[in-house]
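Single-letter residue listing:
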Amino acid sequence: MPETDAASTDSASTTSTALARAAEVPVPEADAIAGRFPLTANPSPVAEDERQAVLAGLHFGDRFTDHMAHARWRQGEGWGDYGVIPYGNLSLSPATAVLHYGQEIFEGIKAYRHDDGSVWTFRPRYNAARLNASARRLALPELAEEDFVASLVDLVRADVAWVPSGEGESLYLRPFAFASEAFLGVRPSKVVDYYVIASPSGSYFTHGLEPISIWVTTEYHRAGRGGTGAAKTGGNYASSLLPQQEAYAQGCDQVCFLDDVSQKNLEELGGMNIMVVDADGTVRTPRLTGTILEGSTRSAIIRMLQDSGRRVVEDTISLEGLLADIESGRVREVFACGTAAVVVPLGHLKGKGFDARIEGNEVTRQVHDRLTSIQSGRAEDPYGWMYQLVPPRS
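Residues numbered from 1 in each chain as written. Predicted model: local features only at pLDDT ≥ 70, side-chain atom pairs only at ≥ 80, totals over all residues. Heavy atoms only, no water.

A.B. asks: Would you mind going over the overall build of the protein chain with me for this structure?
C.D. replies: Within the protein chain, the secondary structure is distributed over 10 helices and 17 strands. Against the globule reference of 21 Å for 394 residues, the protein chain gives a C-alpha radius of gyration of 21 Å, in line with a compact fold. Within the protein chain, contacts between residues at least 6 apart in sequence are counted, and of these 74% link residues at least 24 apart. The protein chain carries 36 positive and 51 negative side-chain charges, and their two centres are separated by 3 Å. (Helix = DSSP H or I, 4+ residues; strand = E, 2+ residues; numbered from the N terminus. Rg over C-alpha atoms; globule rule 2.2 N^0.38 Å. Contact = heavy atoms within 4.5 Å. Lys, Arg positive; Asp, Glu negative; His and termini not counted. Charge placed at Lys NZ, Arg CZ, Asp CG, Glu CD.)

This is the structure:
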């Protein structure tokens, strides 16, 4: 990415966060932590020809591998029952707490196959730290960060044949934990189950880097101050589904939320962070207020842009100001980022009383190409972000 003349810093410039700092802590090599989740092999794995057919026609998140990682926490005992077990349906009591009170958290992270056959993932300690931050907010037990990474290592090694190798393809990993005690009562669960499932996936948006259209809702909010907006928990996504339907009804691909206090400032999309590229090269993104999920992709992009000499500002971005800047030409690009979609340009912002088009995507493509090249092993990883789960073919 080319340098700009706007590399100065100011009070609104983005600074390192606790999650970003956590991601810098080295994780032991995979061989040192492998085996913490012992394998119980699936006696009826998917047949080879069926698996190859799945890998030849990938979508996102609709097929799953032969195994899943699992651990269970009990109050007074801590975590135990670690294992990689056959993938299958769960047996739950109708009184299971998560079904009534929504005490649940999850993560999203990908495994990438490199040309030499090795398999890598991206900043796993970031996701481990964020899972624990979400756990604290939802009154769930924290899982040791190395155990989180070990669950990925052992699951991917068990199901390495499911890791695709095509352009833009990956094995999407979904760690999650939920209140599994059977009881009715508003208190934290005394039993919690942790799982990781895996899904071979293609691009989240089938049209790749083609711009998507956004409906800006002024009626609904994703989260409120003091709520769970900074946690990755199912309720935040459940609350986004109705406004997402509103977006579809307006001919848009995704919904964008405004803040709940002024109801004027951009926060995030239903599942992605948002960034704005000004004509002078500055990149702006909404500051973290406690109602925005701090994305790993967002964090990495900020670091890459700053290191390339580009000014990055984390600040309040009003919808009114953004629309005026698009019209005047001050804003050249707007893009969204997240683990599932990676990076996608926003070409159309629509809402009650406005309809704005954004034509540029130069910086968006640069960011996408640099980040995906690191993830796929096509480019050097100067940050040590990539973590090897499976060694190269012998």
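A.B. asks: Before we go on, may I ask you to explain the pairing of strand β13 (residues 312-315) in this structure?
C.D. replies: Put simply, side chains in a regular strand alternate between the two faces of the sheet. Note that strand β12 (residues 283-286) and β13 share 4 bridges and pair parallel. In the strand pairing of β13, Pro286 is matched with Asp315. Regarding the hand of the β-α-β motif, the stretch spanning β12, helix α8 (residues 296-307) and β13 is right-handed. (Pairing = 2+ DSSP bridges. Right-handed = clockwise from strand over helix to strand, strands pointing away.)

A.B. asks: Which parts of the structure should I look at to understand the nonpolar core?
C.D. replies: Side chains of nonpolar character tend, in soluble globular proteins, to be buried together. Of all hydrophobic cores here, the largest spans 41 residues; its most connected members are Phe148, Val156, Leu171, Leu173, Tyr194, Tyr387 and Leu389. Broken down by element, this core gets its largest block of residues, 7 residues, from helix α6 (residues 145-158). In this structure, Leu258, Leu269, Ile274 and Phe354 belong to the second largest nonpolar core, which totals 26 residues. (Core = buried A, V, L, I, M, F, W, Y, C linked by side-chain atoms within 4.5 Å. Buried < 20%, exposed > 50% of the residue type's maximum accessible area, 1.4 Å probe, protein only.)

A.B. asks: Can you help me understand helix α3 (residues 48-56) in this one?
C.D. replies: Taken together, the buried positions of α3 are occupied by Arg51, Val54 and Leu55. All buried residues of α3 project into a common sector of 95° when viewed along the axis, lining one side. More than 90 degrees from the buried face of α3, the exposed residues found are Asp49 and Ala56. (Arc of directions from axis to C-beta.)

A.B. asks: Can you help me understand the side chain of Ser296 in this one?
C.D. replies: Relative to the assigned elements, Ser296 resides in helix α8. Taking relative accessible area as the criterion, Ser296 reaches 4% and is therefore assigned buried. Ignoring any residue separated from it by four or fewer positions in sequence, one finds Ser296 in contact with Phe122, Arg123, Tyr126 and Arg130.

A.B. asks: Before we go on, may I ask you to explain the packing of α8 against helix α10 (residues 362-376) in this structure?
C.D. replies: For any two helices packed against each other, the geometry is given by the interaxial angle and the distance between the axes. Axis separation between α8 and α10 bottoms out at 11 Å; the angle between their running directions is 110°. Accordingly, the angle class assigned to the pair α8 and α10 is roughly perpendicular. Contacts from Thr297, Ile301, Met304 and Leu305 in α8 reach Val367, Arg370, Leu371 and Ile374 in α10. For the contact of α8 with α10, the class distribution of residues is 6 nonpolar, 1 polar and 1 charged. (Axes fitted to C-alpha atoms, helices over the stretch in contact; angles between N-to-C directions. Parallel < 35°, antiparallel > 145°, perpendicular 65-115°, else oblique. Nonpolar A, V, L, I, M, F, W, Y, C, P; charged D, E, K, R; others polar.)

A.B. asks: Sorry if this is basic, but what is going on with the pattern of salt bridges here?
C.D. replies: Opposite charge on two side chains allows them to pair when their charged atoms are near. Enumeration over the complete set of coordinates arrives at 22 salt bridges. The shortest N-O distance in the salt bridge between Arg36 and Asp147 comes to 2.7 Å. Of this pair, Arg36 sits in the loop between α2 (30-33) and α3 while Asp147 sits in helix α6, and the two are 111 residues apart along the sequence. For Asp147, a relative accessible area of 11% translates into the label buried. Between Arg378 and Glu167 there is a salt bridge whose closest N-O contact spans 3.6 Å. Of the two residues, Arg378 is situated in the loop between α10 and β17 (386-390) and Glu167 in the loop between α6 and β6 (170-179); the sequence distance between them amounts to 211 residues. Overall, Glu167 belongs to the exposed group, its relative accessible area being 67%. (Salt bridge = Lys/Arg side-chain N within 4 Å of Asp/Glu carboxyl O.)

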